[in-house]
Amino acid sequence: MFNKCFNFSKGYVIIGITGAQAARFINICVRRGIAVSDIRAEGAGSYTARIRLADFFLIRHAAGKTKVKIRIVRRGGAAFAKRFFRTRRVLFSGAVFAALFFAVTSQFIWVVQIDGVYETSREQIIETLGECGIKPGAFKHTLPPADEVKSRLINETGTLSWAWVYIEGAKARVEVYERRLMPETEDTSEPCDIIAARDAFIERIDVKSGERIAENGSVVSAGDVLISGTVPVYREGEEERYMQVHADGVIKAVTYRSKTTEQSLYHESREKTGREKNYYSIEAFGKLFKLFFNESPGFEHYGVSDERHELTLPFFGYSGLCLNIRRFSEEEVKTEPIPEDAAALIARERLEEEIAKELLKNPVLLDSSLEYEKTGGGKINVQLKTVFYEDIGIKSPINKE
């Protein structure tokens, strides 16, 4: 790294070497102390190499001795840059101003990016970061230590297990990991009944605590008490007295579910035509500037994609400037007919997902049947009937009053 900086400050040239003794020419230069670097073979008897500007005039004797041809491919370094800008003072002033501008603006935070948030409130994290001083326009050298920010994020959200702040140029990237919450434990001291969650045929009831109300082989409706938490505690001939307990038990019952949906007899596919419309916007130091008036796709069928291109500079990192592209791609919609039985199977998967969301504890599928009929308009009506064996008991607190 030091040698590259030294060569840049003194100036260098990239030379092309052609001839039968090109390799011998390079060896002679090395023996004479001429620094030759970045040697690349371009073909049979052809090479390119980098040498210092001061050594360029020392290679004439070696070139004449080996009868190779030398040509300058490219010049580089501060010496040539000085000569270039000597007659272009406005360009030089602009380059200096741009360097100073980015040097100053890179000392501030213009974008705050938060990664790893799924369940936690993003607004709460933004608010906590703002209280810590991490927000657009904040001076980087006045930001609190990352340990302090981490502690506040974890303590104030209550749902994070880890957090850290990475400063990348003019961007503050906040990375968090959410805590896996343990399921809430049941309060067994609260009196409750066990009631039916839905209509069902009772197969078996195993009572752990409480008094059985429903019998095996009976039909119950949603809301019926199956195991009561109000238990008698008196003997025959004594005054009636009751105790309220936390009812518990397993209720195995047969349940019936039916779902209906409409399914098209045509399969729709989309293919891109190659036509696109791009809308550009520039994000400059936390502010968004649109380079268009009205955002309209102009296509009947289309897909949308977004691209973000951040300007990153050496030594500065993210500069605070970003180009955003929203791309609308035209799509051609094609429809193909599908058989009724295949369409019914497609609908069945959707209906099974809907039924699965309603199932209770420990469900076991006993039977299912699929029926469908054509309704016209290129569609069929599909009905899925299922029979499950599941625990329908849910706990309902007893009103102590």
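Predicted model only: the values in this text are computed from it and were never measured.

J.: Outline the nonpolar core, listing residues and values.
T.: Grouped together as the largest cluster of nonpolar side chains are 18 residues, with contacts concentrated most on Ile-125, Leu-129, Ile-134, Val-149, Leu-153 and Val-174. Secondary-structure elements contributing two or more residues to this core are helix H6 (122-131), helix H7 (146-157), strand E8 (160-168) and strand E9 (171-178). In contact with Val-149, not counting residues within four places along its chain, are Leu-129, Cys-132, Ile-134, Pro-144 and Val-165. Counting residues in hydrophobic clusters, the runner-up holds 16 residues, among them Ile-15, Cys-29, Ala-49 and Ala-62.

J.: Talk me through the pattern of salt bridges; I want residue IDs and the actual numbers.
T.: Across all of its chains, the model carries 25 salt bridges by this definition. Taking the shortest distance from any N to any O, the salt bridge between Arg-327 and Glu-276 comes out at 3.4 Å. Taken together, the residues Arg-327 in strand E21 (residues 317-337) and Glu-276 in strand E18 (residues 266-284) connect sequence positions 51 residues apart. In this structure Arg-327 comes out as buried when scored by relative accessible area, which is 15%. Owing to a relative accessible area of 44%, Glu-276 belongs among the partly exposed residues under this scheme. Put simply, Lys-171, Glu-283, Arg-308 and Glu-310 are held in one network by salt bridges that share partners.

J.: How would you summarise a nonpolar patch on the surface if you had to cite specific residues and measurements?
T.: A contiguous nonpolar surface patch, about 440 Å² in accessible area, is contributed by Tyr-280, Ile-282, Phe-289, Leu-291 and Leu-323. Note on placement: Phe-289 falls in strand E19 (residues 287-290).

J.: If you had to explain the sheet that holds strand E6 (residues 111-115) to someone new, which residues and values would you point to?
T.: With mixed pairing, three strands are arranged side by side in an open sheet as E6-E9-E8. Each edge of the sheet is formed by a strand with only one pairing partner; in this case those strands are E6 and E8. Pairwise comparison of adjacent strand axes, ignoring direction, gives a mean angle of 15 degrees for this sheet. With respect to the sheet, H6 is in contact with E6, E8 and E9, its orientation differing from that of E6 by roughly 135 degrees. Across the sheet, H7 lies against E8 and E9, angled at about 145 degrees from E8, the strand it touches most.

J.: Outline the pairing of strand E3 (residues 46-52), listing residues and values.
T.: A large share of E3 lies buried, amounting to five of its seven residues. The pairing of strand E1 (residues 12-18) with E3 spans seven bridges and is classified as antiparallel. Residue pairing in the sheet places Ile-14 in a bridge with Arg-50 of E3. Hairpin connection between strand E2 (residues 36-43) and E3: a loop of two residues separates the two successive antiparallel strands, and Gly-45 in this loop has a positive phi of roughly 70 degrees.

Cut-offs and rules
Each chain has its residues counted from 1, following the order in which its sequence is written. It should be noted that, the model being predicted, local features are given only for residues of pLDDT at least 70 and side-chain atom pairs only at 80 or more, the latter also being counted only at that level, while totals for whole chains, interfaces and linings use all residues. With hydrogens and water set aside, each side-chain value is computed from the structure's full complement of heavy atoms. Buried Ala, Val, Leu, Ile, Met, Phe, Trp, Tyr and Cys residues that are joined via side-chain atoms within 4.5 Å together make up what is termed a nonpolar core. Burial classes follow relative accessibility: with a 1.4 Å probe on protein chains only, a residue under 20% of its type's maximum area counts as buried, one over 50% as exposed, and anything between as partly exposed. Secondary structure follows DSSP: runs of H or I at least 4 residues long count as helices, runs of E at least 2 residues long count as strands, and numbering of each begins at the N terminus. The contact criterion used is simple: two residues touch if any of their non-hydrogen atoms lie within 4.5 Å. Basic side-chain nitrogens of Lys or Arg form a salt bridge, by our definition, when they fall within 4 Å of a carboxyl oxygen of Asp or Glu. Within this analysis, patches are made of residues with over 30% relative accessible area and no salt bridge. Like charges are joined at 9 Å or less; nonpolar side chains (Val, Leu, Ile, Met, Phe, Trp, Tyr) at 5 Å or less. The Shrake-Rupley method, run with a 1.4 Å probe, gives the accessible areas here. Residue values count only the displayed protein chains as cover. Pairing between two strands is assigned when DSSP locates at least 2 bridges connecting them. Note on geometry: axes are lines fitted to C-alpha atoms, helical ones only across the stretch in contact, with angles between N-to-C directions running from 0 to 180 degrees.

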